[in-house]
Each structure stands twice: as C-alpha cells, then as structure tokens.
Amino acid sequence: MGAAPSPPRAQAKRAWRIAHRWIGLVAGTVMALIGLTGSVTVFHREIDAWLNPSLFTPGEGPARHGAADALAAALAQDRSGRVSIIRLPDPVWPVLTVNQTRRGAHGQERWMVHVDPVTGRVLGARVYEASLTQMIYDLHSVLLLRPWWGKELVGIAGLLALFSIGSGLYLWWPRQEGAAALLRLRRRPRQILYLDLHNLAGAWTAAVLLVIAATGVWLALPGVVRPVVNLVTETRERPPGPAERFAWPPRIGATEAQALAEAAIPGAAAGYLSPPSPRRNTWQVGLHGIDGDPRLRARSLVWIDPGSGAILGRLGEGHGPLGARMEKDLIWLHSGALFGLGGRLLALLAGLALPTLWVTGLLFWLRRRRLRQGVPRPAMARAV
C-alpha cells in the first residue's frame, strides 16, 4: 500500500518551508550584507566624527556664525557648485556642514565643507562620497550600484526579507511550548543547535526586523508603496511654488529663512536649510521636534518663498496629511532614532540578526544535507 497523503496543513507548511529555505539560500547573502551595513549606519555620524576629529571640533566660546556664513564659505571655495543642504550644529556634529555638488575630473562629486560656528573658519572640505561611512551607507542603501538600479535591488531584497521573516515566524510559531520556545537552546546534536540559534535570532528580533524591512522597502521603492498608502491618506505634501522664477542669490537669505521657519512652528529649532534651486525654487527648512531630540533634524518641514518670505507650506507637528508625515519620518523610524538611543540599539541588534540568520540557516541546511547524503535514514532520524 502507498503512504497516506499528507493533510493540507502539512503540505502548506512544507511549501512555506521550501520557499523560506530557498529565499534564504539565494538572497540571504544580500540581506545579510544590508543588515550588517545597516547596523553600522545607525551610528554612522558618530563614527564619522570619531574618525575625523579635526573636521568636527569647534573652537571654544559661543557660536557667532550660522547658515549664511557656512553658505558663503562653501561658495567662496567653488562659486559654481550647487549647495543642497546646510546643517546646523547638533550634539553629534557640533559644527556647520554644507553639502555641495562640484564638477570634478570624473563628473559631478558630492563635497562636504566643515565650518567652525565659533570662528567662521573652514575646518576642511572633502569628497564626502569617498569617506568610509558614506561608502558603507551607499553599500547599505544602493549596494554601490547607484546608476545600475541599486536602490531597486535593495527594495526587492526588502520585500524578500519581509516574506522570509513572516514565513520564518509561521514555521517556528510554538503551538504547544508557548513562551518556553523563546528560551530553548539545545546544544546537541550540532544541527539542532544551528536550528535553535536560527529560530531564537529570528523570534527575538522579528518585530523590529519587520518594521525596518517595511520602512526600507518604502524608502527604496516609493513608487510602489505610495499608490497603496494613497488609497488611505496622501503621502506627499505639495506646497505651491512661488510666482517668481528662480534667481540667485535669493532675496530672502539663509538667516531670514531660518527665522521665518522657526516662527512658523513655535518651539521648534532649525536643524538644516536647503537653498532654492531651479528644480525646487523654495527654501526648505527642517526643524527639530518641539522639545525633541536635537539629533532628529527634520521632524517638521517649512517651505518659504525666496522672493517674498511667504510661508508656502508646513509638514509635521500636526501640519499636513498623515501619509506625508509618515513618509517624512521614515528614515528616523528605519534607523530607530525616532525612539532615542534605545531604538537605535534595537535597530543595530536587528541589523546584526540578519547575518546571524543567514549563517545559522546555511549551516543548518549544509549539516542536514550532509546527514541525508552520508547517514542512513533511521540514524538521521534519531540524530534529528
């Protein structure tokens, strides 16, 4: 007589197991790399300041120079270079930093100019793309493949990670053992040790991993996620453009734009300013949250007409549609910074969990394969 057919639940679980296994084996290397580099990028600003102390050490005394002086210092070095952002000092980077696109020997390059807020002196300028922390960040966000669909590949890896985490939870879910399964670690045989390590790493970090993977997909594939979210709430704030054409320098300077933005959302201090450009002819000012962490430079945004100083739009602190506010905070939720140091540490551990899951899953599969090939089935059953 033939073997009795498997019940539908067992067949479904087997299909989930096969899908989970092969996603891990095929895409696990990329997911592990994204997780490992993501753990570093959680603290990339602190690491950058530690590696380059001369660029991030201001003089002694009160700050006398602001965004307008930093903008002038960057343009004095390269008048044709377009300034994209001016960051104001905060506890991690206590100096003014300016991102500027300059034409180099190999095309457009992203530079960063560091200005002392006490003396106004330029502490240094560098090709920021060539710094170690930015290279790790680019490896995490675009796999160093920015011109070759790198961002889209990271988004696809995030979708696979969501499926892998969900299927792993389904396969592991303890229906009889309950909470004891969260602590179980059997050391022998070795195959079972690998399986328990794999299960524990996934079970303990699953909730954080799901949030990080979902926000990572939104950041990498906004064109895919936005239409879905737009079914419920609008995801983009579209401030009206100014009547006048782009002109440089703008009539409203950096200092005045900062003051207007801070007045528009009382209690919030500016974290960065983005000057007008031909593509977006407004001042965009990011502000810290009201009485919030000064490391979060853009809990709210204000757009200002560079000709008249009129407030064209606000986003955050109760202003703007929910979807747009959610999208604005994605980067802070993705890195855990939205919840302070504790949230960032959780994000770091979750990032490290991805290479742990890949290694333990691979070792389990190799050990199981070796046993199947070299050990008779009854003996293998006793070992497992």
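Structure: see above.
Residues numbered from 1 in each chain as written. Predicted model: local features only at pLDDT ≥ 70, side-chain atom pairs only at ≥ 80, totals over all residues. Heavy atoms only, no water.

### Notes on the pairing of strand β5 (residues 270–274)
Counting buried positions over the five residues of β5 gives five, a clear majority of the element. In this structure, strand β1 (residues 82–87) lies alongside β5, joined through two bridges in antiparallel fashion. Counted as the bridge partner of I86 is L273 from β5. Sheet topology note: the β5/strand β6 (residues 283–287) ladder contains four bridges and is antiparallel. If you follow Y272 over to β6, its bridge partner there is G286. (Buried < 20%, exposed > 50% of the residue type's maximum accessible area, 1.4 Å probe, protein only. Helix = DSSP H or I, 4+ residues; strand = E, 2+ residues; numbered from the N terminus. Pairing = 2+ DSSP bridges.)

### Focus on the sheet that holds strand β8 (residues 311–315)
Ordered by their spatial adjacency, eight strands build an open sheet running β4-β3-β2-β1-β5-β6-β7-β8, and the pairing between neighbours is antiparallel. Where the open sheet ends on each side, the last strands, each with one partner, are β4 (122–127) and β8. Across the sheet, the mean angle separating the axes of adjacent strands is 15° when strand polarity is ignored. Two strands pair when backbone bridges link them, and β6 and strand β7 (residues 300–304) are joined in this way by five bridges, in the antiparallel orientation. Across the sheet, residue W283 finds its bridge partner in β7, namely I304. Lying over the sheet, helix α3 (residues 67–77) contacts β1, β2 (96–104), β3 (107–115), β4, β5 and β6, oriented at roughly 25° with respect to β2. (Axes fitted to C-alpha atoms, helices over the stretch in contact; angles between N-to-C directions. Contact = heavy atoms within 4.5 Å.)

### Examining helix α7 (residues 222–229)
Within α7, burial applies to V225, R226 and V229. The buried residues of α7 occupy an angular sector of 105° when the element is viewed end-on, so they sit on one face. Opposite the buried face of α7, at more than 90 degrees from it, the exposed residues are G223, V224 and V228. Packing partners of the buried residues in α7 comprise α6 (190–220) and α9 (322–328). (Arc of directions from axis to C-beta.)

### Some thoughts on helix α5 (residues 150–172)
The end-to-end C-alpha distance of α5, which contains 23 residues, comes to 32 Å, matching closely the 33 Å that a straight helix rising 1.5 Å per residue would cover. When we look at burial in α5, the residues that qualify are G150, V154, G155, A157, G158, A161, S164, I165, S167, L171 and W172. Residues of α5 that are buried make contact with α1 (8–41), α4 (132–142) and α6. (Expected span 1.5 Å × (residues − 1).)

### Description of unusual backbone geometry
Omega for the peptide link from W248 to P249 comes to 0°, which places this bond in the cis form. Not every positive phi belongs to a glycine, and L144 is a case in point at roughly 60°. Turning to its location among the elements, L144 is positioned in the loop between α4 and α5. Residue L144 is classed as partly exposed on the basis of its relative accessible area, which comes to 47%. You will see that W149, though not glycine, has its phi angle at about 60°, which is positive.

### Quick look at a nonpolar patch on the surface
There is a patch of nonpolar side chains on the surface, built from L36, L346, L349 and L352 and spanning about 350 Å² of accessible area. Examining the composition of the nonpolar patch, we find that three residues originate from one element, helix α11 (residues 340–374), more than from any other. Residue position: L346 is located in helix α11. (Patch = residues over 30% accessible without salt bridge, like charges linked within 9 Å, V, L, I, M, F, W, Y side chains within 5 Å. Areas by Shrake-Rupley, 256 points an atom, 1.4 Å probe, with all protein chains shown as cover. Salt bridge = Lys/Arg side-chain N within 4 Å of Asp/Glu carboxyl O.)

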